[in-house]
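Below are the chains, spelled out letter by letter.
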Amino acid sequence: VQLVESGGGLVQPGGSLRLSCAASGFTFSNYVMRWYRQAPGKERELVAWISGGGGVTNYANSVKGRFTISRDNGKNTVYLHMNNLKPEDTAVYYCYTYVLRDYWGQGTQVTVSS
């Protein structure tokens, strides 16, 4: 199993970014996918998750209404669309799945600053 995130960067408050996580090594459409984030000095927190078929999603209260998780099972990729970004969204964002054990991507840095 391999998870590779991309799409992070520096963005001004109010801006948008789209993160991608390319997955391989397992039957992608059978598994829930999650996005976590970890800010400096803080614990890793769950941001959003999506069911295997994409029909069920859930979000942390802190991002509800601003972030959207989606997936393309034909491309084995899960996305995190982030709008109206705030400085408190600054963190390393990780893709995660459980296939007999935990698997994490390497993370992608998102910095929201003017």
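For the structure itself, look to the data block above.
All values reported here derive from a predicted model rather than from experimental measurement.

Caption draft 1: Structural detail: the nonpolar core. Counting 30 residues, the largest nonpolar core has Met 33, Trp 35, Val 78, Leu 80, Met 82 and Tyr 93 as its most contacted members. Broken down by secondary-structure element, the contributors of at least two residues to this core are β3 (17-24), β4 (33-38), β5 (45-50), β7 (67-72), β8 (77-82), β9 (91-98) and β11 (108-112). Top element by residues in this core is β3. It accounts for 4 residues.

Caption draft 2: Geometry of the state of the cysteines. On inspection of all chains with the given rule, the structure shows 1 disulfide. Here Cys 21 connects covalently by a disulfide to Cys 95, the sulfurs 2.1 Å from one another. Linking Cys 21 and Cys 95, the disulfide has an S-S dihedral of approximately -80° and is accordingly described as left-handed. Remark: Cys 95 occurs in strand β9 and Cys 21 occurs in strand β3; sequence separation between them is 74 residues. Grouping residues by exposure puts Cys 21 and Cys 95 together as buried.

Rules used in this analysis
- Residues numbered from 1 in each chain as written.
- Predicted model: local features only at pLDDT ≥ 70, side-chain atom pairs only at ≥ 80, totals over all residues.
- Heavy atoms only, no water.
- Core = buried A, V, L, I, M, F, W, Y, C linked by side-chain atoms within 4.5 Å.
- Buried < 20%, exposed > 50% of the residue type's maximum accessible area, 1.4 Å probe, protein only.
- Helix = DSSP H or I, 4+ residues; strand = E, 2+ residues; numbered from the N terminus.
- Disulfide = S-S within 2.5 Å.

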